[in-house]
Amino acid sequence: KELPEVYVFFHFAGQTSVYHAKDNVQNDLLVNVCGFLHLLRLLKKQSNKPFVVYSGTATEVGVTYSELKVDESHCDRPNTFYDISKLAAENYLLQYVREGWLNGCSLRLCNVYGGVKNGQNLERGVIDKVFQQSLRGEPLQLFGDGNYLRDYIHIDDVVDAFYLAFQNQESVNGAFYYIGSGNGVLIKDAFSCVAKLAESVTEMPVKITSVEPPSHLSSIEFRSFVSDHSAFSNATGWIPKYRDLNSGIKYSYRHLF
């Protein structure tokens, strides 16, 4: 099949579960790598040279434990099948660019939040799900002590990043970038933040308890990661609007406040 002529292609489709990838490695490969490669082959046939913006993941770098910010100079050591497939797809795109067949870049997204959608993978959008639980007055379970840093990025900032990548094609072509707020928040503090915001709306107390992590959890769950987005900001002028999780949640659910 042929595709309609396009000038830009924003790629968001994929298999997004770390645990599904482990249970069915071949399916993960077929969807995230082979499916994307098929798309690249079709785009290569176009008369113009489309610009492809790939939706990557910050965990392609592997498990990081430091509070130091991670930038594009860090060596990639993916340690889940999911991250292996995401990194492979990213490398296929960048090689297509090096060959002169396409233009494009990859944006490695940190922990995205800003609303829950029907059909969303249960492993994604954890902060939004925790907020919804808090609004219902349900107790929250924190695996372990929650002393793991996350970089939460609002979905509106992600949309802006993709648009600015397209608008600044020459500056970002053939590269990958981390897209995050640059602000590290401990998971336990993130839970506490959304619980307090929910309490301010419902006036119902939300209990947070610490439980032993399930034995099947991937080591990627115990990472500490904060992004350094300066390379992308320098290339495009992008600056995240919602660096503070509290303000981002309030904006996302502004009809409640």
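Parameters and conventions
- Residues numbered from 1 in each chain as written.
- Predicted model: local features only at pLDDT ≥ 70, side-chain atom pairs only at ≥ 80, totals over all residues.
- Heavy atoms only, no water.
- Phe/Tyr/Trp six-rings, centres within 6.5 Å; stacked < 30°, edge-to-face > 60°.
- Helix = DSSP H or I, 4+ residues; strand = E, 2+ residues; numbered from the N terminus.
- Buried < 20%, exposed > 50% of the residue type's maximum accessible area, 1.4 Å probe, protein only.
- Expected span 1.5 Å × (residues − 1).
- Contact = heavy atoms within 4.5 Å.
- Core = buried A, V, L, I, M, F, W, Y, C linked by side-chain atoms within 4.5 Å.
- Polar contact = N/O pair within 3.5 Å; in protein donor to acceptor, adjacent residues only side chain to side chain.
- Pairing = 2+ DSSP bridges.
- Axes fitted to C-alpha atoms, helices over the stretch in contact; angles between N-to-C directions.
- Salt bridge = Lys/Arg side-chain N within 4 Å of Asp/Glu carboxyl O.
- Patch = residues over 30% accessible without salt bridge, like charges linked within 9 Å, V, L, I, M, F, W, Y side chains within 5 Å.
- Areas by Shrake-Rupley, 256 points an atom, 1.4 Å probe, with all protein chains shown as cover.

**Q** Would you mind showing me how to read the packing of aromatic side chains here?
**A** Two measures describe an aromatic ring pair: the distance that separates the ring centres and the angle between the ring planes. Within this structure, the stated rule accounts for 12 aromatic pairs. A centroid spacing of 4.7 Å and a plane angle of 40° characterise the contact between F12 and F162, whose relative ring orientation is tilted. Taken together, the positions of F12 in the loop between β1 (8-11) and α1 (18-23) and F162 in helix α5 (residues 155-167) put the pair 150 residues apart, joining distant regions of the chain. What makes F12 exposed here is its relative accessible area of 52%. Look at Y178 and F225: their rings are 5.7 Å apart centre to centre, the planes differ by 50°, and that puts the pair in the tilted class.

**Q** Got a minute to help me understand helix α3 (residues 81-98) in this structure?
**A** The α-helix winds at 3.6 residues per turn, so residues separated by three or four positions along the chain end up facing the same way. Here α3 contains 18 residues, and its C-alpha end-to-end distance of 26 Å stays within 8% of the 26 Å for a straight helix at 1.5 Å per residue. Taken together, the buried positions of α3 are occupied by Y82, D83, S85, K86, L87, A89, E90, L93, L94, Y96 and V97. In this structure, the buried residues of α3 make contact with α1, α2 (25-44), β2 (51-57), β3 (103-109) and β7 (176-179). Of the residues trailing α3, G100 is marked for its positive phi of about 85°.

**Q** Would you mind going over the nonpolar core with me for this structure?
**A** For soluble globular proteins, nonpolar side chains are generally found buried alongside one another. L107, V172, I179 and F232 are the most contacted members of the largest nonpolar core, which totals 24 residues. Going through the elements one at a time, β2, β3, α5, β7 and α8 (230-236) are the ones with two or more residues in this core. In contact with V172, other than residues within four places in its own chain, are F51, G104, C105, A165, Y177, F232, A235 and T236. In terms of nonpolar packing, the next biggest core, distinct from the first, is built from 22 residues, I127, V130, I187 and F191 among them.

**Q** Hey, could you run me through the environment of K49 in this one?
**A** Relative to the elements of secondary structure, K49 occurs in the loop between α2 and β2. Residues K49 and V63 lie 14 residues apart in sequence; the distance between their C-alpha atoms is 36 Å. The residues touching K49, leaving out its near neighbours within four places in the chain, are G100, W101, L102 and N103. Among the polar contacts made by the side chain of K49, one reaches the main-chain carbonyl oxygen of G100 at a distance of 3.0 Å.

**Q** Just to check I follow, could you spell out the sheet that holds strand β4 (residues 111-113) for this structure?
**A** Hydrogen bonds between backbone atoms are what pair the strands of a sheet, whose relative direction is either parallel or antiparallel. Taken in spatial order, the three strands line up as β4-β6-β8 in an open sheet, and their pairing is mixed. Only two strands of the sheet have a single neighbouring strand rather than two, namely β4 and β8 (184-186). For this sheet the average axis-to-axis angle between neighbouring strands, irrespective of direction, equals 50°. As paired elements, strand β6 (residues 149-154) and β8 share three bridges and run antiparallel to each other. The partner of R150 across the bridge, within β8, is V185.

**Q** Looking at this structure, how should I read unusual backbone geometry?
**A** Where the residue is not glycine, phi is negative for most of them; where a peptide bond is considered, it is trans in most cases. Backbone geometry places E203, a non-glycine residue, at a positive phi of 60°. Structurally, the position occupied by E203 is in the loop between α7 (187-202) and β9 (208-211). The exposed category is assigned to E203, whose relative accessible area is 72%.

**Q** Just checking my understanding: could you explain the pattern of salt bridges for this structure?
**A** Side-chain pairs of opposite charge can arise where the charged atoms are in close proximity. With the rule as written, the count across this model stands at six salt bridges. Linking E2 and K45 is a salt bridge whose minimum nitrogen-to-oxygen distance equals 4.0 Å. Of the two residues, E2 sits in the segment before β1 while K45 sits in the loop between α2 and β2, which places them 43 residues apart along the sequence. Among the salt bridges present, the one from R108 reaches E60, with a minimum N-O distance of 3.4 Å. Pair noted here: R108 is in strand β3 and E60 is in the loop between β2 and α3, with a separation of 48 residues, a long-range link. One exposure class covers both R108 and E60, and it is buried. Connected via shared salt-bridge partners are E60, D76, E90 and R108.

**Q** I tried to follow a nonpolar patch on the surface on my own but got confused; where do I start?
**A** A contiguous nonpolar surface patch, about 240 Å² in accessible area, is contributed by V25, F81 and I84. In this structure, F81 sits in helix α3.

**Q** Mind showing me how you'd approach the pairing of β7 here?
**A** Consecutive side chains along a regular strand alternate between the two faces of the sheet. Covered by surrounding structure in β7 are F176 and Y178 together with Y177 and I179, the residues of both alternating faces. Here four bridges tie β3 to β7, and the two strands are oriented parallel to one another. Looking at β7, one finds that S106 is bridged to F176.

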